[in-house]
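Here's the letter readout for the chains.
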Amino acid sequence: MLKYLLKRLGLAIIILLGASALIYLLSMLMPADYIDNQTSAALQSGAMTMEDVMRLKELYGLADKSIGGIAKSYITWLKSTVSGDLGFSFLYGKPVTTVLSEYIWISFMIAFISYILQIIIGIPMGIKASVSQYSAYDYTVSVFAMMGTALPSFFLSALLMNVFAIKLGIFPLQGLTTATTVFAPDAHLQILLDKVWHLVLPITVLTLLNVGGTMKFTRTNMLEVLNSDYIRTARAKGLSEKVVTYKHAFRNTMIPLVTSLSGMLPGLFGGAMITETVFAIPGIGYMALRATRQGDIPFIMGYNMFLAALTVAGMLISDIMYMVVDPRVKLS
Amino acid sequence: MGLLNIFKRKKIEGIDNTMYLTLRDERRISKENNKIIKYYERMKARKNVPEEEYLTQMRDPNNVVEFENLHTYFFTDVGTVKSVNGVSFDVPQGKIVGIVGESGCGKSVTSLSLMQLVQAPTGQIVEGSIRYKANDGKCYEITKVPRDKMLKIRGKDISMIFQEPMTSLNPVFRIGEQMDEVVLLHEDGMTPESAKKRSIEMLRLVGIAMPEKIYSKYPHELSGGMRQRVMIAMALSCNPRLIIADEPTTALDVTIQAQILELLREIKEKINGSIMLITHDLGVIAEMADLVVVMYAGRIIEKGTVREIFHSPKHPYTIGLMKSKPSGKTTDDRLFSIKGQVPNPINMPDHCYFYNRCDRAMEVCLGEYPKLIQFSPTHFAACYLYDESRLSGDDLAKE
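Since the model is a prediction, treat every value here as computed from it, not as a measurement.

**What to know about the nonpolar core**
And step 1. Counting residues in each nonpolar core, the largest one holds 97 residues, and the members touching the most others are Val65, Phe89, Leu114, Tyr132, Val230, Ile232 and Ile244 of chain B.
And step 2. The leading source of residues in this core is helix 8 (residues 224-236) of chain B, at seven residues.
And step 3. Each residue touching Leu114 of chain B, except ones within four places of it in the same chain, is listed here: Val65, Phe67, Ile130, Ile142, Met150, Ile158, Leu242, Ile244 and Met276 of chain B.
And step 4. Membership of the second largest hydrophobic core comes to 26 residues, among which are Tyr24, Ile70, Ala288 and Ile297 of chain A.

What follows is the structure, encoded as structure tokens:
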């Protein structure tokens with residue numbers, strides 16, 4: 001077990017190194033860097049000269065775009081990253097770690113709530129659909145699940161915004177707080193409720209998008225299990241259909257389910273870039289998109305490394321959970 | 001013409017003719033199936049059915065189970081598969097009844113019908129009766145017993161051992177847990193401790209060394225033979241009156257096969273129950289069975305005592321089966337095999353199903369399906385060869 005973990009850790013380091021090198025190279029090769037973006041207006045109006053721009057680039061370490069130069073600056077980045085310093089974000093003017101820790105929580109909250117909803121809605125629906133395969137219920141649920149999965153998130157967001165925010169006016173359109181209301185500084189509950197009210201639509205979008213996948217996954221695995229020999233044995237024992245389905249069958253369906261769902265857990269910190277942007281919620285995804293547009297290399301690197309680390313962690317967690325739920329699996 | 005064939009999508013070859021299904025046929029079939037399936041499912045799901053409706057009388061009080069004219073059909077998308085098509089035989093108390101036949105001849109479906117475990121909703125018992133005498137003297141008409149009542153019979157009075165020990169145990173539960181479950185379910189006043197004691201006792205009974213250790217193991221930690229022993233122990237734990245063994249030795253290697261069969265026979269003596277032994281291995285039948293039922297394409301073509309079937313087989317199919325079994329005496333270098341294939345169950349002919357493979361087929365065989373002809377109080381066969389009233393002079397001359 002320990003040997004396995006060490007092996008996976010070594011593998012993770014290699015993956016992270018490769019990913020960081022690739023992302024670094026790509027973001028350095030972006031046609032317009034942060035300085036170009038910031039200075040283009042001043043350059044055109046003549047307030048700045050090309051020499052000023054070059055000096056700025058030198059200062060930011062963006063001047064040398066040759067392969068050798070990129071490699072050199074990558075190594076500098078790597079050194080400081082290993083020592084725990086992800087650098088200073090150009091755009092936000094703060095250390096990258098500070099920006100990350102400030103904005104991931106709102107993203108995590110949205111993602112986590114929709115993750116929980118996705119599990120408590122999707123799994124029972126999938127079980128019921130598999131038990132009554134080819135019934136009206138099965139078809140209806142499957143069609144809606146497919147529709148939810150097939151819709152692009154920005155489209156679904158726009159649709160819900162149009163109906164519930166603009167036409168019906170039930171929910172706020174965008175943002176995280178109501179700008180027109182002034183809350184007393186000690187009205188914590190009201191502020192919280194206001195935020196929750198703003199998050200209803202984005203959470204709905206994320207849930208609708210993902211619940212179909214969970215439902216389908218549950219249904220498929222459940223059907224496979226229900227056709228297996230040991231389910232026939234369980235029935236032959238005289239167990240009621242409820243016990244057969246929810247104990248004998250579901251315990252086996254849980255193996256792939258837990259493995260895949262637990263692997264998603266770290267990813268919840270990664271933010272939902274498109275949904276957050278459409279709803280203008282200052283989550284990590286929204287911040288990252290802005291930073292990427294502006295060519296804020298320290299933040300791009302920091303965020304993407306964070307994502308890569310989360311992915312690696314997700315893989316590790318799902319492997320460990322696989323061992324936990326399936327007695328046949330031994331990690332070695 | 002080629003264009004028209006687009007509409008004939010599914011080809012079903014029978015003995016006499018080849019059927020094609022058009023899209024319209026398929027739609028009609030699925031519509032009819034839905035109607036039929038709904039009817040039977042509703043019947044089975046009824047609650048609070050009065051006992052009189054499913055209590056009955058046995059024809060012979062010495063029998064544990066009587067099958068009479070049982071029809072179990074599968075309503076599939078391409079047509080009705082008559083898996084069991086008018087099967088009648090008895091399982092007497094304390095006897096081993098062997099059911100032999102090729103794969104797909106309906107032997108497993110017959111036994112699953114008795115357990116009400118036919119793969120629903122496509123599979124349904126449509127006609128006939130299965131009478132079962134319980135311990136308390138009550139006789140149940142299994143085809144009419146509602147689902148909730150059936151749960152009390154399954155696993156307690158009638159238990160089943162399956163073909164594949166490797167996949168018949170739930171991989172995520174420990175052996176002990178799976179065994180205790182049956183006992184706790186069916187026996188009143190059982191505590192987890194007493195259930196564990198019973199399970200360990202059963203494991204010892206089926207010849208497992210160190211039952212305490214096996215009790216807390218997972219199925220994948222045991223060998224195939226061990227797992228089959230566990231299955232047998234599980235089947236025994238509620239003192240069943242009838243054990244259905246559905247090809248219990250097919251997946252095991254030969255030495256283990258002999259051990260498992262020996263075990264089954266010992267156990268039958270101990271519990272004084274009956275065994276329905278389903279197999280396609282004639283050696284197993286000869287060794288174990290008291291009575292033999294030979295099935296072909298959903299029908300019984302011959303039944304009798306093991307002596308009658310092995311020493312004086314009547315039906316050409318049984319004769320072929322006997323010839324195709326390897327024996328030490330013959331010196332032929334090739335094993336005899338019955339030519340041809342089992343007919344497609346969807347497109348069955350109206351005449352004897354064995355006609356196309358029979359080396360003694362006659363003109364009369366193309367008539368209606370032959371009736372069972374009695375040779376002794378126990379020996380029956382369904383073949384025109386022995387029906388003197390139906391044989392024309394011509395056919396006799398040919399003989």
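After that view of the structure, there is still more to cover.
**A short note on the interface of chain B and chain A**
And step 1. Each partner contributes to the interface: chain B provides 25 residues, whereas chain A provides 20 residues.
And step 2. Both faces considered, chain B and chain A share a buried interface measuring about 2,000 Å² in area, 62% of it formed by carbon and sulfur atoms.
And step 3. The interface formed by chain B and chain A contains two salt bridges.
And step 4. Glu181 of chain B serves as the salt-bridge partner of Lys247 of chain A, at 2.9 Å between the closest nitrogen and oxygen.
And step 5. At the junction of chain B and chain A, the tally comes to eleven residue pairs in polar contact (both at pLDDT 80 or more).
And step 6. No other element matches helix 5 (residues 175-186) of chain B, which puts five residues into the side of chain B that touches chain A.
And step 7. Looking at the side of chain B that touches chain A residue by residue, the class counts come to 14 nonpolar, eight polar and three charged.

**As for the domain arrangement of chain A**
A common way to report how large an interface is uses the accessible area buried once the components associate.
Residues and elements named next belong to chain A.
And step 1. Splitting chain A by domain gives domain 1 (2-82) and domain 2 (96-325).
And step 2. Residue-level contacts link 19 residues of domain 1 with 16 residues of domain 2.
And step 3. The three residues of domain 1 that bury the most area against domain 2 are Arg8, Leu16 and Ile23, which together make up 30% of that side's buried surface.
And step 4. If you look at where domain 1 meets domain 2, you find one salt bridge.
And step 5. Counting across the interface, domain 1 meets domain 2 through four residue pairs in polar contact (both at pLDDT 80 or more).
And step 6. When residues in the side of domain 1 that touches domain 2 are grouped by element, the largest group, twelve residues, is from helix 1 (residues 2-28).

**Looking at the pattern of salt bridges**
And step 1. Taken as a whole and judged by the stated rule, the model has 24 salt bridges over all chains.
And step 2. Among the salt bridges present, the one from Asp229 of chain A reaches Arg232 of chain A, with a minimum N-O distance of 3.9 Å. With Asp229 of chain A and Arg232 of chain A both in helix 9 (residues 229-236) and three residues apart, this pair spans about one turn of that helix.
And step 3. Lys237 of chain A is the partner of Glu181 of chain B in a salt bridge, and the nearest nitrogen-oxygen pair spans 2.8 Å. Note that Glu181 of chain B is positioned in helix 5 and Lys237 of chain A in the loop between helix 9 and helix 10 (241-264), a pairing that runs across two chains. Grouping residues by exposure puts Glu181 of chain B and Lys237 of chain A together as buried.
And step 4. Connected through salt bridges with shared partners, the residues Arg59, Glu66, Glu68, Asp90 and Arg131 of chain B form a single ionic network.

**Regarding the packing of aromatic side chains**
And step 1. One pass over the structure, following the stated rule, counts 25 aromatic pairs over all chains.
And step 2. Pairing Tyr74 of chain A with Trp77 of chain A gives two aromatic rings, centres 6.0 Å apart and planes at 20 degrees, and the pair type is stacked. Of the two residues, Tyr74 of chain A and Trp77 of chain A are both situated in helix 4 (residues 67-82); the distance of three residues between them amounts to about one turn of the helix. Across the pair, exposure class does not vary: Tyr74 of chain A and Trp77 of chain A are buried alike.
And step 3. Seen from their ring centres, Phe67 of chain B and Phe89 of chain B are 4.6 Å apart, and the 25 degrees between their planes marks the pair as stacked. One end of the pair, Phe67 of chain B, is in strand 3 (residues 63-76); the other, Phe89 of chain B, is in strand 4 (residues 79-92), and 22 residues separate them in sequence. Neither Phe67 of chain B nor Phe89 of chain B differs from the other in exposure class; each is buried.
And step 4. Pairwise contacts between aromatic rings join Trp105, Phe108, Phe112, Tyr115 and Phe269 of chain A into one cluster.
And step 5. In this structure, Lys247 of chain A packs its charged tip against the face of Phe173 of chain B, placed 5.3 Å from the ring centre.
And step 6. In this structure, Arg299 of chain B packs its charged tip against the face of Tyr369 of chain B, placed 4.0 Å from the ring centre.

**A few points about the sheet that holds strand 13 (residues 373-374) of chain B**
All names here are of chain B.
And step 1. Pairing is mixed in the open sheet, where eight strands are placed in the order 8-9-10-5-11-12-14-13. Strands at the two margins of the open sheet, each flanked by one partner only, are strand 8 (158-161) and strand 13.
And step 2. Packing of helix 12 (residues 316-323) onto the sheet brings it into contact with strand 11 (291-296) and strand 12 (299-305), and relative to strand 11 it is tilted by some 105 degrees.

**A closer look at the environment of Thr259 of chain A**
Residues and elements named next belong to chain A.
And step 1. For Thr259, the position within the fold is in helix 10.
And step 2. In the structure, Thr259 is positioned 55 residues away from Gly314 in sequence and 9.7 Å away in space, judged by C-alpha atoms.
And step 3. The residues contacting Thr259, other than those within four sequence positions of it, are Met254, Ser318 and Tyr322.

**What about the confidence of the model for chain A?**
And step 1. Scored by pLDDT, chain A has a mean of 88; 99% of the residues are at 70 or more.
And step 2. Confidence scores differ between elements of chain A, with helix 2 (residues 34-45) of chain A showing the lowest mean pLDDT of 82 and helix 5 (residues 96-131) of chain A the highest of 92.

**Structural notes on the packing of helix 7 (residues 153-167) of chain A against helix 8 (residues 188-226) of chain A**
Residue and element names in this part refer to chain A.
And step 1. Across the interface, helix 7 lies against helix 8 with an axial gap of 10 Å and an inter-helix angle of 135 degrees. Our classification of the angle between helix 7 and helix 8 gives oblique. In terms of crossing hand, the pair formed by helix 7 and helix 8 is right-handed. In this structure, helix 7 uses Ser153, Leu156, Ser157, Leu160, Met161, Phe164 and Ala165 to contact helix 8, whose residues at the interface are Leu201, Thr204, Val205, Leu208 and Leu209.
And step 2. Here the residues of the contact of helix 7 with helix 8 are counted per class, giving nine nonpolar, three polar and no charged.

The rules behind the values
- Residues numbered from 1 in each chain as written.
- Chains lettered and ligands numbered in written order.
- Predicted model: local features only at pLDDT ≥ 70, side-chain atom pairs only at ≥ 80, totals over all residues.
- Heavy atoms only, no water.
- Core = buried A, V, L, I, M, F, W, Y, C linked by side-chain atoms within 4.5 Å.
- Buried < 20%, exposed > 50% of the residue type's maximum accessible area, 1.4 Å probe, protein only.
- Helix = DSSP H or I, 4+ residues; strand = E, 2+ residues; numbered from the N terminus.
- Contact = heavy atoms within 4.5 Å.
- Buried area = accessible area lost by both parts, 1.4 Å probe.
- Salt bridge = Lys/Arg side-chain N within 4 Å of Asp/Glu carboxyl O.
- Polar contact = N/O pair within 3.5 Å; in protein donor to acceptor, adjacent residues only side chain to side chain.
- Nonpolar A, V, L, I, M, F, W, Y, C, P; charged D, E, K, R; others polar.
- Domains from an automatic or database assignment.
- Phe/Tyr/Trp six-rings, centres within 6.5 Å; stacked < 30°, edge-to-face > 60°.
- Lys NZ or Arg CZ within 6 Å of the ring centre and 35° of its normal.
- Pairing = 2+ DSSP bridges.
- Axes fitted to C-alpha atoms, helices over the stretch in contact; angles between N-to-C directions.
- pLDDT = per-residue confidence, 0-100.
- Parallel < 35°, antiparallel > 145°, perpendicular 65-115°, else oblique.
- Left-handed = near helix turned anticlockwise from the far one by under 90°.

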